[in-house]
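Read off the chains here:
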Amino acid sequence: MKTPRLLFASFIAVVIAATACQKNAHTPNPESTTRNAGVTMPVSSLMYTGGLSGRGTAGTCNPTAYIITLESRSLVNGKWEWVWSVQNSNPGNGNNGTVQNLSHWGMQFGSCFTWSSVVSAAYSADGATWTGFTPLFQADPSQACMTTPVLKFNYGTAGSAKSYYKLVVDRDYQVVGTPGYYKSGANTGCCTFTFPGMGCGDDGDIR
C-alpha cells in the first residue's frame, strides 16, 4: 500500500513544481521592463501613419508621405540614445501620389523637455556609420509648415531606403506623440505630422 501513496505524493510534487515553473516563466523580468536597466528598448511598433492636419506648401500636404519609426531607445553609458528611421512611403517625382525624396525633417518636443539635456545628434544612411553634427533649436526658414523652433536633421532619403537619425540626451524622457515636419521637393513640398518623440506623461505617454 505504500507504493501507491508514494507514487501519488511524487505526482503531486511534480505538479506543484511544474506550476511554479510556469508561473515564473510568465513573470516579467524586472531587468527587461525597467527603463533604467540599460537595455535597448525597440519600439518600432509605435509608428504613426497618420498625423496632424498639417500646413503644406507647393502641393497637397501628406502627413503620411514618410514613414517615421522610433527604432530604439537605449541607455548607453548613462545617456539615452534615441534612433529614428525615415522611409519614403511611395518614391517618385511627386506626381500621381508619389513622394519626392526627403530633403530634411525636424521635430519639436514635449512640454517637459529641456534643450540643455541634449548631448549630441547624428544621421546615417545605414544605422551603423554615423555623421555627427551640432544640433540647434531654432526656426527653419527653408519651409513654412512649422515656423516655431525645431531640431532640424539636415539629411534626407534616397528612394525607398531608410535613413537613420540619432539624438542623445542625459534625461530619461518618455515616448509621446510629438509634432514634426518634413521638407521635400517642389512637387511634394512640406507638411507637419505627429511621430513618437520625446516628452513626459502629461504630453500623452504612448509607450
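For the structure, check the block above.
Residues numbered from 1 in each chain as written. Predicted model: local features only at pLDDT ≥ 70, side-chain atom pairs only at ≥ 80, totals over all residues. Heavy atoms only, no water.

S.K.: Tell me about the nonpolar core, and name the residues and values.
M.R.: Trp 82, Trp 84, Trp 105, Leu 167, Val 169 and Met 198 are the most contacted members of the largest nonpolar core, which has 29 residues in total. Elements represented by at least two residues in this core include exactly strand S1 (66-76), strand S2 (79-88), strand S3 (104-107), strand S4 (118-124), strand S7 (150-153), strand S8 (163-169), strand S9 (174-183) and strand S10 (190-199). Aside from chain neighbours lying at most four places away, what touches Leu 167 is Trp 80, Glu 81, Trp 82, Trp 84, Phe 109, Val 118, Ser 120, Ala 121, Leu 151, Phe 153 and Met 198. (Core = buried A, V, L, I, M, F, W, Y, C linked by side-chain atoms within 4.5 Å. Buried < 20%, exposed > 50% of the residue type's maximum accessible area, 1.4 Å probe, protein only. Helix = DSSP H or I, 4+ residues; strand = E, 2+ residues; numbered from the N terminus. Contact = heavy atoms within 4.5 Å.)

S.K.: Describe in detail the packing of aromatic side chains, supporting the description with residues and values.
M.R.: Enumeration over the complete set of coordinates arrives at 20 aromatic pairs. Relative to Tyr 173, the ring of Phe 113 has its centre 5.0 Å away and its plane inclined at 35°; by these criteria the two rings are tilted. In this pair, Phe 113 sits in the loop between S3 and S4 while Tyr 173 sits in the loop between S8 and S9, placing the two residues 60 residues apart along the sequence. For Phe 113, a relative accessible area of 13% gives the class buried. Through a chain of ring-to-ring contacts, the aromatic side chains of Tyr 66, Trp 82, Trp 84, Trp 105, Tyr 123, Phe 133, Phe 153, Tyr 155, Tyr 165, Tyr 182, Phe 193 and Phe 195 assemble into a single cluster. In this structure, Arg 73 packs its charged tip against the face of Trp 80, placed 4.6 Å from the ring centre. (Phe/Tyr/Trp six-rings, centres within 6.5 Å; stacked < 30°, edge-to-face > 60°. Lys NZ or Arg CZ within 6 Å of the ring centre and 35° of its normal.)

S.K.: Quick rundown of the sheet that holds strand S5 (residues 131-133)? Include the residues and the values.
M.R.: With antiparallel pairing, the 5 strands of this open sheet are ordered in space as S1-S2-S8-S4-S5. The sheet is open, and its two edges are formed by S1 and S5, each paired on a single side. Between one strand and the next, the sheet's axes are offset by a mean angle of 20°, whatever the strand orientation. Sheet topology note: the S1/S2 ladder contains 10 bridges and is antiparallel. Opposite Thr 69, over in S2, you have Ser 85 as the bridge partner. (Pairing = 2+ DSSP bridges. Axes fitted to C-alpha atoms, helices over the stretch in contact; angles between N-to-C directions.)

Purely geometric numbers; function is a separate question.
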